[in-house]
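Here are the chains, one letter per residue:
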Amino acid sequence: MTTPLLQVRGLKIGATVYPPGEKPHDIEIVHGVDFDVEAGKVLGLIGESGAGKSTIGLAAMAYGRGGVELTGGSVTVNGRDVLKASTRDVRRLRGAEVTYVSQSAAASFNPAKRIMEQVIEAAVLQGKFSKSDAEVRAVELFSKLGLPDPENIGNRYPHQVSGGQLQRCMTALALCPEPDLVVFDEPTTALDVTTQIDVLKAIKDAIRDTGVAALYITHDLAVVAQVSDHIMVLRHGDMVEYGTTDEIINSPKEEYTQALVSVRSIKHIEKQPTDAILSVSGITARYAGTKFDVLHDVSVDISAGQTLAVVGESGSGKSTLARVITGLLPPREGSITFAGRTLSPDQPSRSREDLRELQMIYQMADTAMNPRQTVGTIIGRPLEFYFGLKGAEKQKRIQELLDEIELGDGFQDRYPAELSGGQKQRVCIARALAAKPKLIICDEVTSALDPLVADGILKLLLDLQKREDVAYLFITHDLATVRAIADSIAVMYQGRVQRYGTKSEVLSPPFDDYTDLLLSSVPEMKLGWLEEVIAHRKMESAGN
Amino acid sequence: MLKNIPLSAAIGLTITAVYFLAAIFADVIAPYGMAEAVGDVWEPSSAEHWLGTDQIGRDLLTRMIYGGQTTILIATLATILSFTTGATLGFIAAVSGGWIDQIMSRLVDLFMSIPSLILALVILSSIEATVVTLVIIMGLLDSTRVYRLARAVAVDISVMDYVEAARLRGEKLAWIIFREILPNALSPLVAEMGLRFIFMVLFISTLSFLGIGVQPPLADWGGIVKENKEGINFGIGAALYPAVAIATLSISVNLIADWILNRTTSLKGGRG
């Protein structure tokens, strides 16, 4: 049997942690992981944040980020144990045999140098190609990756190409030195779904055409299912399950993997529209000091006790709409009616009642809670502020709210730093609920969370809606979330409402072009989905 | 929290504590009266006079202890005044933004463009220097520096979502400043406070040395240097003791400030 290209045995990775007020100590973050990558094959590493997937990916280059140390086991690339290799040999390895594609291309390119210079740098430095040969190769790669104007795109600076294009440039950078293995670390996570699909396709084709092997790291099982031959599921630094992509997707054995596969399978039957609690009509808005409108003539209604999902990619104006509704950004034109009253356009002049009945939950629970206040203070303040509750009465209500968000006893005296990501978001939900609102604006509340945790939050929100009869304005870029919880949907594109109606209306054909593109771009948890979509699009464009 | 104190911080804490205790209990521990002439001019140190006597025969150790009391009292009060005004105004400017911020910040720039020693000299030449006037002048002049720091720190904090959440709840300015921003701005401010205290000690000593600070017969360290500076010509070290006191107190407080800075602005914790 031939030795595989990359062989990892009993890999242990440790790090030093510095908890405030305690002595620094070492912890182990990966506890002995084994896997192989054969030449020309793609292994997907999947897991939630903190599972150790990026750390393992970088270990394939014998690299530990920050204070991370590779403490045990072996990593063999092309028959050499790179953990024991000298610094010189490791330098020969990186950028020649193993290369790396990071999550944020925008942060990884040097903004002061042209793209071409950076793409060929490793190949030339490692002596694999002469400068002119490397440039020829780079141009080939650019065209293979579907970049526009491959001859000249290398002369641009990183800020002169779009995010999706830059991510493809980075893939070209990684492939340019003809490596044996490429480590892709969440290459499409920071992109919009509509862009993600092109980059995914480009990466997949490039891997196939160049015959390179790859480690593909992501938290999105549906994405990894499209590109990899094998998948390894990781959790808390341990392997949970390993198998071919087909096995993992269609017959997962472990409970954790099953949960990952069936994520977002919440069933929610849409309600028929009733009286609107909030009506936004003809809103046009721009930010102070700019000369263009971010929102154009936006009109939507939210029925009492129901959920309106506002979907769109970044820059479509969804968060701006939230700012207009909360009064943080007074609109130039249009008006907002809330619970039968006309809302004042700017927040400071709104009545306390208006403020109380319109609450907001943020994307980043970390920054939405004051790190110096306890959970009790955070939830208790709206009670005190709006209802004048004090002492035992307030304590009792705080505990009730904590029970409602399924946190229970012992959380009142904790600080946000002592909570997990999902718990933090739950506390934010409790803070909004404490005001007994009629409408809660949820701005991407699940997008910073791991899929399983996000599922829990969505279920909680649906439960609370049933019990408290609260309406949600749910802003998201994730269509799977929308399917799970929305009663009606507004699709936004470039500051306009592209499509608006009940969930079944919006999600059933005939579609306008943009909605079609958006809907078909959402990765599905099945093999061959990527090819189907691409084939479908080719047919469509041929038909036109 | 008091475990694992680094050696430097422990030294700083000890020396600072000694100075503060000496200042607080001056009446108890001083061997003689503050203005009492008890010996000859510039006597060398002896069992009766540990540090010798000064230029008119007063016990120098007694003068040093009472001088420390005045110096530390004025510096402490001025620091407190400078921090309360500076931080409050800085926070208000940061949270209000717009023209309120512009007016306040430009006024502060105006005051900062005049060297504070010269400004203090001008003001003190027209009004009488008492402990109260000195504290007010020094405190207000120094509050411009604190204002700049407090504003810079608060601007960062005021764009956090939790501050926005408080605004959306309808909270008043006072809650936002004292409950949302202040607790998160405390560590850089406390560290700065140590440094500002030392500048105050130096400032009051400078003023007294120039003769417009603390007025005799009240003792303060700058004044003692001034009174005894002629002695240096005759090889008398009396003027050096207050210099040593100022230097050691400065270094000690700085050691503590460094320690607080390290504890609160580590890579992991940020302002947490």
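This text follows the structure it describes.
Residues numbered from 1 in each chain as written. Chains lettered and ligands numbered in written order. Predicted model: local features only at pLDDT ≥ 70, side-chain atom pairs only at ≥ 80, totals over all residues. Heavy atoms only, no water.

**Points about the overall build of chain A**
Part 1 of the argument: Across its full length, chain A holds 21 helices and 20 strands.
Part 2 of the argument: Its C-alpha atoms give chain A a radius of gyration of 25 Å, near enough to 24 Å, the size a compact globule of 544 residues would have.
Part 3 of the argument: Structurally, chain A occupies a C-alpha span of about 70 × 60 × 45 Å along its principal axes.
Part 4 of the argument: Going through the 544 residues of chain A one by one, you find that 54% of them count as buried.
Part 5 of the argument: Considering only intrachain contacts with a sequence separation of at least 6, the fraction spanning at least 24 residues in chain A is 68%.
Part 6 of the argument: Of the roughly 23,300 Å² of accessible surface on chain A, a fraction of 49% belongs to carbon and sulfur atoms.
Part 7 of the argument: Of the side-chain charges in chain A, 59 are positive and 72 negative, and the distance between the mean point of each set is 4 Å. (Helix = DSSP H or I, 4+ residues; strand = E, 2+ residues; numbered from the N terminus. Rg over C-alpha atoms; globule rule 2.2 N^0.38 Å. Buried < 20%, exposed > 50% of the residue type's maximum accessible area, 1.4 Å probe, protein only. Contact = heavy atoms within 4.5 Å. Areas by Shrake-Rupley, 256 points an atom, 1.4 Å probe, with all protein chains shown as cover. Lys, Arg positive; Asp, Glu negative; His and termini not counted. Charge placed at Lys NZ, Arg CZ, Asp CG, Glu CD.)

**A word on a nonpolar patch on the surface**
Part 1 of the argument: A cluster of nonpolar side chains, namely Trp 99, Ile 100, Ile 103, Leu 107, Leu 110 and Phe 111 of chain B, defines an oily patch on the protein surface of about 640 Å² accessible area.
Part 2 of the argument: Here Ile 100 of chain B shows up in helix H4 (residues 98-112). (Patch = residues over 30% accessible without salt bridge, like charges linked within 9 Å, V, L, I, M, F, W, Y side chains within 5 Å. Salt bridge = Lys/Arg side-chain N within 4 Å of Asp/Glu carboxyl O.)

**Let's talk about helix H11 (residues 318-326) of chain A**
Given 3.6 residues per turn, any residue in an α-helix points the same way as the ones three and four places further on.
Residues and elements named next belong to chain A.
Part 1 of the argument: Of all nine residues in H11, seven are buried; the element is thus mostly enclosed.
Part 2 of the argument: Of the positions making up H11, those classed as buried are Lys 318, Thr 320, Leu 321, Ala 322, Val 324, Ile 325 and Thr 326.
Part 3 of the argument: Directly after H11, the chain includes Gly 327, whose backbone phi takes a positive value near 90 degrees.

**With respect to the interface of chain B and chain A**
Part 1 of the argument: The interface is formed by 21 residues belonging to chain B together with 24 residues belonging to chain A.
Part 2 of the argument: When the buried surface of chain B facing chain A is broken down by residue, Asp 161, Leu 168 and Arg 169 of chain B rank first, second and third, together holding 33% of it.
Part 3 of the argument: Our count for the contact surface shared by chain B and chain A stands at two salt bridges.
Part 4 of the argument: As a salt-bridge pair, Glu 171 of chain B and Arg 381 of chain A come within 2.6 Å of each other at their nearest N and O atoms.
Part 5 of the argument: Joining chain B to chain A, the criterion identifies 12 residue pairs in polar contact (both at pLDDT 80 or more).
Part 6 of the argument: Contributions of two or more residues to the side of chain B that touches chain A are made by helix H7 (161-169) and helix H8 (173-209) of chain B.
Part 7 of the argument: Here the side of chain B that touches chain A takes seven residues from H7 of chain B, the largest share from any one element.
Part 8 of the argument: Here the residues of the side of chain B that touches chain A sort into six nonpolar, five polar and 10 charged. (Buried area = accessible area lost by both parts, 1.4 Å probe. Polar contact = N/O pair within 3.5 Å; in protein donor to acceptor, adjacent residues only side chain to side chain. Nonpolar A, V, L, I, M, F, W, Y, C, P; charged D, E, K, R; others polar.)

**Considerations on the packing of aromatic side chains**
Residue and element names in this part refer to chain A.
Part 1 of the argument: The full count for this structure, using the stated rule, is six aromatic pairs over all chains.
Part 2 of the argument: Judged by centre distance (4.1 Å) and plane angle (25 degrees), the ring pair of Tyr 493 and Tyr 514 falls under stacked. One end of the pair, Tyr 493, is in strand S19 (residues 488-493); the other, Tyr 514, is in helix H20 (residues 513-520), with 21 residues separating them in the sequence.
Part 3 of the argument: Taking the relative accessible area as the measure of exposure, Tyr 493 reaches 30% and is therefore partly exposed.
Part 4 of the argument: You can call Tyr 514 buried: its relative accessible area is 7%. (Phe/Tyr/Trp six-rings, centres within 6.5 Å; stacked < 30°, edge-to-face > 60°.)

**What about the sheet that holds strand S20 (residues 496-502) of chain A?**
Residues and elements named next belong to chain A.
Part 1 of the argument: Strand order in the open sheet formed by six strands is S16-S17-S18-S13-S19-S20, and the pairing between neighbours is mixed. At either margin of the open sheet sits one strand with a lone partner, and together these are strand S16 (358-361) and S20. Direction aside, neighbouring strands of the sheet carry axes that sit 15 degrees apart on average.
Part 2 of the argument: In this structure, strand S13 (residues 307-311) lies alongside strand S18 (residues 471-476), joined through five bridges in parallel fashion. Note on S18: the bridge partner recorded for Ala 309 is Phe 474.
Part 3 of the argument: Where helix H17 (residues 451-468) meets the sheet, its contacts fall on S13 and S18, and the angle it forms with S18 comes to roughly 155 degrees. (Pairing = 2+ DSSP bridges. Axes fitted to C-alpha atoms, helices over the stretch in contact; angles between N-to-C directions.)

**Considering a positive patch on the surface**
All names here are of chain A.
Part 1 of the argument: A cluster of basic residues, Arg 88, Arg 91, Arg 92 and Lys 128, forms a positive patch on the protein surface.
Part 2 of the argument: For Lys 128, the position within the fold is in the loop between helix H4 (115-125) and helix H5 (131-144).
Part 3 of the argument: Under the relative-accessibility criterion, Lys 128 is labelled partly exposed at 36%.

**Section: H8 of chain B**
Residue and element names in this part refer to chain B.
Part 1 of the argument: Taking 1.5 Å as the rise per residue, H8 with 37 residues should run 54 Å; its terminal C-alpha atoms sit only 43 Å apart, a clear shortfall.
Part 2 of the argument: Approximately 60 degrees is the largest bend angle found in H8, and it occurs at Leu 182, with the proline Pro 183 only one to four residues beyond.
Part 3 of the argument: Looking one or two places after H8, you find Gly 211, whose phi comes out positive at around 90 degrees. (Expected span 1.5 Å × (residues − 1). Bend = angle between axes of the 7 residues up to and from the residue.)

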